[in-house]
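# Breakdown of the fold
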Amino acid sequence: GQNIDQPTEMTATEGAIVQINCTYQTSGFNGLFWYQQHAGEAPTFLSYNVLDGLEEKGRFSSFLSRSKGYSYLLLKELQMKDSASYLCAVRKGTYKYIFGTGTRLKVLA
Amino acid sequence: DAGITQSPRYKITETGRQVTLMCHQTWSHSYMFWYRQDLGHGLRLIYYSAAADITDKGEVPDGYVVSRSKTENFPLTLESATRSQTSVYFCASRTRDRGPYEQYFGPGTRLTVT
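Presented here is an overview of the structure given in this document.

Rules of the game
- Residues numbered from 1 in each chain as written.
- Chains lettered and ligands numbered in written order.
- Predicted model: local features only at pLDDT ≥ 70, side-chain atom pairs only at ≥ 80, totals over all residues.
- Heavy atoms only, no water.
- Helix = DSSP H or I, 4+ residues; strand = E, 2+ residues; numbered from the N terminus.
- Disulfide = S-S within 2.5 Å.
- Buried < 20%, exposed > 50% of the residue type's maximum accessible area, 1.4 Å probe, protein only.
- Contact = heavy atoms within 4.5 Å.
- Buried area = accessible area lost by both parts, 1.4 Å probe.
- Salt bridge = Lys/Arg side-chain N within 4 Å of Asp/Glu carboxyl O.
- Nonpolar A, V, L, I, M, F, W, Y, C, P; charged D, E, K, R; others polar.
- Phe/Tyr/Trp six-rings, centres within 6.5 Å; stacked < 30°, edge-to-face > 60°.
- Pairing = 2+ DSSP bridges.
- 1 Å grid on protein atoms, 1.4 Å probe; cavity = no way out; pocket = protein on both sides within 12 Å on 5 of 7 lines; lining within 4 Å.
- Points joined across faces, edges and corners; volume = space filled by probe spheres on them.
- Axes fitted to C-alpha atoms, helices over the stretch in contact; angles between N-to-C directions.
- Core = buried A, V, L, I, M, F, W, Y, C linked by side-chain atoms within 4.5 Å.

Attention now moves to the environment of A:Gly58. Relative to the assigned elements, A:Gly58 resides in the loop between strand 6 (53-57) and strand 7 (60-65). Here the alpha-carbon distance between A:Gly58 and A:Arg104, two residues 46 residues apart in the chain, equals 21 Å.

Turning our attention to the state of the cysteines. A complete count under the given rule lists two disulfides over all chains for this structure. With a sulfur-sulfur separation of 2.0 Å, A:Cys22 is cross-linked through a disulfide to A:Cys88. Its torsion about the S-S bond being -65°, the disulfide of A:Cys22 and A:Cys88 is classed as left-handed. Residue A:Cys22 is found in strand 3 (residues 18-25), and its partner A:Cys88 is found in strand 9 (residues 84-92); the two are separated by 66 residues along the sequence. For A:Cys88, a relative accessible area of 0% gives the class buried. Between the sulfur atoms of B:Cys23 and its disulfide mate B:Cys91 the distance is 1.8 Å. Since a negative S-S torsion denotes a left-handed disulfide, the B:Cys23-B:Cys91 link at about -75° is left-handed.

A few words now on the interface of chain A and chain B. At the interface, 16 residues of chain A touch 20 residues of chain B. Buried area between chain A and chain B, both sides added, is near 1600 Å², and the carbon and sulfur share of it is 61%. Looking at the side of chain A facing chain B, the largest losses of area belong to A:Tyr95, A:Tyr97 and A:Phe99, adding up to 36% of the total buried there. The tally of links between chain A and chain B comes to zero salt bridges. The set of elements that each furnish at least two residues to the side of chain A that touches chain B consists of strand 4 (32-37), strand 5 (44-49), strand 9 and strand 10 (96-99) of chain A. Considering each element in turn, the side of chain A that touches chain B owes the most residues, three residues, to strand 4 of chain A. Residues of the side of chain A that touches chain B, tallied by class, amount to ten nonpolar, four polar and two charged.

Once that is clear, we can look at the packing of aromatic side chains. Counted by the stated rule, this structure contains 23 aromatic pairs over all chains. Taken together, a centroid distance of 5.6 Å and an interplanar angle of 90° make the contact between A:Tyr35 and B:Phe105 edge-to-face. Of the two residues, A:Tyr35 is situated in strand 4 and B:Phe105 in strand 10 (residues 104-105); the pairing between them involves two chains. Considered together, A:Tyr35 and B:Phe105 belong to a single accessibility category, that of buried residues. Relative to B:Phe105, the ring of B:Phe90 has its centre 6.4 Å away and its plane inclined at 90°; by these criteria the two rings are edge-to-face. Of this pair, B:Phe90 sits in strand 9 (residues 87-94) while B:Phe105 sits in strand 10; the two residues are 15 residues apart in sequence, bridging distant segments of the chain.

Now for the pairing of strand 6 of chain A. Here five bridges tie strand 6 of chain A to strand 7 of chain A, and the two strands are oriented antiparallel to one another. Within strand 7 of chain A, the position partnered with A:Gly53 by the bridge is A:Leu64.

Moving on to the layout of surface pockets. Of the voids in this model, the largest pocket is the one considered here, and its volume is about 790 Å³. In terms of lining residues, the largest pocket is bounded by 35 residues, among which A:Gln37, A:Gly40, A:Ser85, B:Gln37 and B:Leu39 are the most central. Among the secondary structure elements, those contributing two or more residues to the lining of the largest pocket are strand 9 and strand 11 (103-108) of chain A together with strand 9 and strand 11 (109-113) of chain B. Ranked by residues supplied to the lining of the largest pocket, first place goes to strand 11 of chain B with four residues. Here the residues of the lining of the largest pocket are counted per class, giving eleven nonpolar, 18 polar and six charged. Forming the boundary of the second largest pocket are 13 residues, of which A:Ile98, A:Phe99, B:Gly42, B:Arg44 and B:Glu59 lie nearest the centre.

Backbone hydrogen bonds are what pair the strands of a sheet, in a parallel or an antiparallel way. Residues and elements named next belong to chain A. The five strands lie next to each other as 1-3-8-7-6, forming an open sheet whose pairing is antiparallel. Of all strands in the sheet, those with a lone pairing partner are strand 1 (3-5) and strand 6, marking the two edges. Ignoring strand direction, the axes of neighbouring strands in this sheet form an average angle of 15°.

Take the nonpolar core next. With 22 residues, the main nonpolar core has A:Leu32, A:Trp34, A:Leu75, A:Tyr86 and A:Leu105 as its most contacted residues. Elements with a contribution of two residues or more to this core: strand 2 (9-13), strand 3, strand 4, strand 7, strand 8 (70-75), strand 9 and strand 11 of chain A. Non-local contacts of A:Tyr86, meaning those with residues more than four positions away in its chain, are made with A:Gln6, A:Ile20, A:Trp34, A:Tyr35, A:Gln36, A:Leu46, A:Phe60, A:Leu73, A:Leu75, A:Gly102, A:Thr103 and A:Leu105. Counting 19 residues, the second largest nonpolar core, distinct from the first, contains B:Phe33, B:Leu43, B:Ala50 and B:Val88.

Okay, here's the thing in structure tokens:
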């Protein structure tokens, strides 16, 4: 089957670092995506990994281990505006994307 | 304005009525998608389209119909709305040829079926 698991909710303090984990089991793999979704808004693209390792983009980094079916999104220097849901998605083949249910991150002052 | 738009943004309809949700993108992206988002579920693919006049079913297509006569438009029709189709619907698009193949999402349509 195919399954993506993420924690439902996380809480962190402004200025801190938080790591959001994602594990996946899919019959095909063609890249892993992270999206940010603020309440009532559309998901927006954050990062993409297709090879093992770390991709860094400013305050956000994403890591992938294909052999372990594991990824994480690392958010540094947390800001209040980072309070949102973070969606992990795996691309299978050309067009099929499987999304996790998302991790709701609350950043506290 | 450039981008991907959806209309209406909010819709209330009754069980059994036909409803069409519109999606329009100005990037000339080849691929377009319709998802629904419900609590406890991730985004689930309803239909996708690889180009004008090419569409195919996703994970949850029952009760929905799509068409794509022009590259920029991808309407989704609920033929006879049911309460289980109450959801937030997102349209998305992406390029065919240039990675990383991220999707760009429209603002969503919140549909309530009473």
